[in-house]
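Survey of secondary and tertiary structure
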Amino acid sequence: MRILLTNDDGIHAEGLAVLERIARQLSDDVWIVAPETDQSGYAHSLTLSEPLRLREISDRHYAVRGTPTDCVIMAMRHVMGGKPDLVLSGVNVGANLADDVTYSGTVAGAIEGTLQGVRSIALSQAYRKENGRVLPWDTAESHGPGLIRKLLDTDLPAGTFLNVNFPACAPDDVQGTEVTSQGKTDFDVAIDERQDGRGFPYYWLYFASRVGRQAEGTDINAIKANRISVTPLKLDLTDYSVQDRLMRALG
């Protein structure tokens, strides 16, 4: 099995090293094509207005000065000389739950793999705050290989990929795995206005507040209960429930 790894935290991110150790328990044919720098929040963006720079780090390890989407395309169309059997994106620093999936570069790596016709899985590790971020990477590393093997045995329709989140607890404290739906987060993006050394203004976006609705069966609820969340997501954004209503209105 040929496996392509990418992420949005960058080529030197600890989560990518964790993902490589997970992947090497599944196959010896592992390739890494990841962004040169942190691309968190870039979502499914594609670089069209400037050239991409490719740097070989070591054997089958490449950095692209671009987005996770760019990385997947470069890997399949140039670096690997063909499509892999599996795309794994992550392991992200922090969970990608609810509305976060629309911003996530980690999820975007799986989206692009799916668009290219390859089974794809996004993986993220939740953290807890104790004098800073505490990331239990060993949770993803311990549970990841076995979980992925099970997921590979499951048939997925074209256009569907999987979003996996590991809870912020020790491996032995994980309370099982739950198949979930995408939850809902209420959040407020604020703007911090500052000045540079010459007195010119610049702006920094940040989340002023983020509250996840704990509805039963959602990814948010599973992570809060120390369960691994597996959410099937689709590329098709059509709201089929509204189609008939629109047809009647426009008929």
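We now turn to the structure provided with this report. (Residues numbered from 1 in each chain as written. Predicted model: local features only at pLDDT ≥ 70, side-chain atom pairs only at ≥ 80, totals over all residues. Heavy atoms only, no water.)

1. A few points about the overall build of the chain
- In terms of regular secondary structure, the chain is built from six helices and 13 strands.
- The C-alpha radius of gyration of the chain comes to 19 Å, within 12% of the 18 Å expected for a compact globule of 251 residues.
- Classification of the 251 residues of the chain by burial places 46% in the buried group.
- Long-range contacts, defined here as pairs at least 24 residues apart, represent 73% of the contacts in the chain between residues at least 6 apart.
- For the chain, the accessible area works out to roughly 13,200 Å², and carbon and sulfur atoms hold 48% of it.
- On the chain, the mean spot of the 25 positive side-chain charges and the mean spot of the 34 negative ones are 2 Å from each other. (Helix = DSSP H or I, 4+ residues; strand = E, 2+ residues; numbered from the N terminus. Rg over C-alpha atoms; globule rule 2.2 N^0.38 Å. Buried < 20%, exposed > 50% of the residue type's maximum accessible area, 1.4 Å probe, protein only. Contact = heavy atoms within 4.5 Å. Areas by Shrake-Rupley, 256 points an atom, 1.4 Å probe, with all protein chains shown as cover. Lys, Arg positive; Asp, Glu negative; His and termini not counted. Charge placed at Lys NZ, Arg CZ, Asp CG, Glu CD.)

2. A short note on the pattern of salt bridges
- Applying the stated criterion across every chain, the model contains 10 salt bridges.
- Among the ionic contacts, a cluster of salt bridges with common partners joins R2, D29 and R60. (Salt bridge = Lys/Arg side-chain N within 4 Å of Asp/Glu carboxyl O.)

3. Focus on the pairing of strand 4 (residues 61-64)
- Across the two faces of strand 4 the burial is the same, with H61 and A63 and Y62 and V64 all buried.
- Pairing analysis gives four bridges linking strand 2 (residues 29-35) to strand 4, with the strands arranged parallel. Paired with V33 across the bridge in strand 4 is Y62.
- Pairing analysis gives four bridges linking strand 3 (residues 54-58) to strand 4, with the strands arranged antiparallel. (Pairing = 2+ DSSP bridges.)

4. What to know about the environment of M76
- Within the fold, M76 resides in helix 2 (residues 68-79).
- Accessibility expressed as a relative area gives 4% for M76, which makes it buried.
- Sequence separation of M76 and L4 is 72 residues, and the distance between their C-alpha atoms is 8.8 Å.
- The contacts of M76, once residues within four sequence positions are left out, are L4, G81, G82, K83, P84, V87, G113, Q116 and V118.

5. With respect to the nonpolar core
- With 30 residues, the main nonpolar core has L5, L88, V91, I121, L123, I148 and V164 as its most contacted residues.
- Elements with a minimum of two residues in this core: strand 1 (2-6), helix 1 (14-23), strand 2, strand 5 (86-93), strand 6 (119-125), helix 4 (137-152), strand 9 (160-166) and strand 13 (228-234). (Core = buried A, V, L, I, M, F, W, Y, C linked by side-chain atoms within 4.5 Å.)

6. Let's talk about helix 1
- The buried fraction of helix 1 is high, at seven of 10 residues.
- Residues G15, L16, V18, L19, E20, I22 and A23 constitute the buried set of helix 1.

7. Notes on helix 2
- Taking 1.5 Å of rise per residue, the 12 residues of helix 2 would be expected to cover 16 Å, yet its terminal C-alpha atoms sit only 14 Å apart, more than 12% below that figure.
- Counting buried positions along helix 2 yields nine of 12 residues, so the element is predominantly enclosed.
- Of the residues making up helix 2, those classed as buried are P68, T69, D70, C71, V72, M74, A75, M76 and V79.
- Packed against the buried residues of helix 2 are strand 1, strand 2, strand 3, strand 4, strand 5 and helix 3 (105-115). (Expected span 1.5 Å × (residues − 1).)

8. Section: the sheet that holds strand 13
- Pairing is mixed across the open sheet formed by nine strands, whose spatial order is 3-4-2-1-5-6-9-13-10. The open sheet has two free edges, formed respectively by strand 3 and strand 10 (177-179), since each of these has just one partner strand. Strand after strand, the sheet turns through a mean of 20 degrees between neighbouring axes, direction not considered.
- Strands in contact with helix 1 are strand 1, strand 2, strand 4, strand 5 and strand 6; relative to strand 5, the strand with the most contacts, it is inclined by about 140 degrees.
- In the packing of helix 3 onto the sheet, contacts are made with strand 1, strand 5, strand 6 and strand 9, and the angle to strand 6 comes to roughly 170 degrees. (Axes fitted to C-alpha atoms, helices over the stretch in contact; angles between N-to-C directions.)

9. Let's talk about the side chain of T106
- Tracing the backbone shows T106 in helix 3.
- The class for T106 is buried, based on a relative accessible area of 0%.
- Setting aside residues no more than four positions away along its own chain, T106 makes contact with D8, S89, G90, N92, N96, A122, L123 and S124.

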